[in-house]
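Spelled out from the first residue to the last, the chains are:
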Amino acid sequence: HYETNYFNQIKVIESLSKELPIIVVSSISHKKCKVDFNNHMSLGVKNRTKVYGRSKRLLNYHLLYLKDQGYDIRITHPGVSATSLFASEKGGFGKIFNALIVPLMKIIFHSPDKSSLTVLYGLNDEVEYGKEVGPGGLLAVWGYPKVLRLSKKMQNSEKQNKVVEFYNSHKN
């Protein structure tokens, strides 16, 4: 998760011009996870969903840092849809959850086409520091795109700097 969801995205962004609008697809899962600054890589954590959320939280901390450095970063997230992230054999939720809940999720939550609208919104409108584009419906998991406020915890420059230090010590 960390190579794909964090390190590689930052490497690409840092190679781009600060003047380009950079649309980054994050995840709502960052809201439910905390970064363990003594275990950035979540070593020993078996729950795949938790590891994924932590990698996205690291990414968002770093993105806000880069936005402060003058990059035109636009954070988006598509909301919730049923993906392989929930698969029990991959450390996600259990088999009962997958048998009962995932089919309901396919009915309740929006399609991948509707999920992609947040990216289009982010491409066409500048997103201010401390905000992201996500679904504007119930719990920001479903609905048409809307600019949403990131938590004050995400805007903590001390934590952002810790994440950047971690990245710089591991980027090779």
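For the structure itself, consult the block above.
Computed from a predicted model, the values in this text were never measured in an experiment. (Residues numbered from 1 in each chain as written. Predicted model: local features only at pLDDT ≥ 70, side-chain atom pairs only at ≥ 80, totals over all residues. Heavy atoms only, no water.)

A look at a nonpolar patch on the surface
Nonpolar side chains collect at one region of the surface, where Ile 96, Leu 100, Ile 101, Leu 104, Ile 107 and Ile 108 lie side by side and expose about 620 Å² of accessible area between them. Tracing the chain through its elements places Ile 101 in helix α3 (residues 95-108). We classify Ile 101 as partly exposed; its relative accessible area is 33%. (Patch = residues over 30% accessible without salt bridge, like charges linked within 9 Å, V, L, I, M, F, W, Y side chains within 5 Å. Areas by Shrake-Rupley, 256 points an atom, 1.4 Å probe, with all protein chains shown as cover. Salt bridge = Lys/Arg side-chain N within 4 Å of Asp/Glu carboxyl O. Helix = DSSP H or I, 4+ residues; strand = E, 2+ residues; numbered from the N terminus. Buried < 20%, exposed > 50% of the residue type's maximum accessible area, 1.4 Å probe, protein only.)

Observations concerning the nonpolar core
In this structure, Tyr 6, Ile 10, Ile 13, Leu 58, Leu 63 and Ile 73 are the most contacted members of the largest nonpolar core, which totals 23 residues. The set of elements that each furnish at least two residues to this core consists of α1 (2-14), β1 (21-25), α2 (48-68), β2 (72-76) and α6 (157-170). In terms of residue count, the dominant contributor to this core is α2 (seven residues). Leave out the neighbours within four places in its chain, and Ile 10 touches Leu 59, His 62, Leu 63, Leu 66 and Tyr 167. (Core = buried A, V, L, I, M, F, W, Y, C linked by side-chain atoms within 4.5 Å. Contact = heavy atoms within 4.5 Å.)

Comments concerning the environment of Lys 34
Within the secondary structure, Lys 34 sits in the loop between β1 and α2. With a relative accessible area of 63%, Lys 34 lands in the exposed category. Along the chain, Lys 34 and Glu 14 lie 20 residues apart, while their C-alpha atoms are 24 Å from each other. The contact partners of Lys 34, leaving out residues within four places of it in the chain, are Arg 54 and Arg 57.

Remarks on the packing of α1 against α2
Contact geometry of α1 with α2 gives a least axis separation of 8 Å together with a crossing angle of 15°. In terms of orientation, α1 and α2 fall into the roughly parallel class. Remark: the crossing between α1 and α2 carries right-handed chirality. Mapping the contact onto sequence places Tyr 2, Asn 5, Tyr 6, Gln 9, Ile 10, Ile 13 and Glu 14 in α1 and Val 51, Tyr 52, Arg 54, Ser 55, Lys 56, Leu 58, Leu 59, His 62, Leu 63 and Leu 66 in α2. Looking at the contact of α1 with α2, its residues break down into 10 nonpolar, four polar and three charged. (Axes fitted to C-alpha atoms, helices over the stretch in contact; angles between N-to-C directions. Parallel < 35°, antiparallel > 145°, perpendicular 65-115°, else oblique. Left-handed = near helix turned anticlockwise from the far one by under 90°. Nonpolar A, V, L, I, M, F, W, Y, C, P; charged D, E, K, R; others polar.)

Looking at the side chain of Arg 57
With respect to the helices and strands, Arg 57 occurs in helix α2. No salt bridge is formed by the buried Arg 57, whose closest oppositely charged neighbour, Glu 132, lies at an N-O distance of 9.1 Å. For Arg 57, the contacting residues outside a window of four places in its chain are His 30, Lys 31, Cys 33, Lys 34, Val 35, Ser 151, Lys 153 and Met 154. (Lys, Arg positive; Asp, Glu negative; His and termini not counted.)

Focus on the pattern of salt bridges
One pass over the full model with this rule turns up three salt bridges. A salt bridge links Asp 72 to Arg 74, with the shortest nitrogen-to-oxygen separation between them at 2.8 Å. In this structure, Glu 128 engages Lys 131 in a salt bridge whose closest nitrogen and oxygen atoms are separated by 3.8 Å. Overall, the relative accessible area of 19% leaves Lys 131 in the buried class.

Geometric values such as these leave the question of function open.
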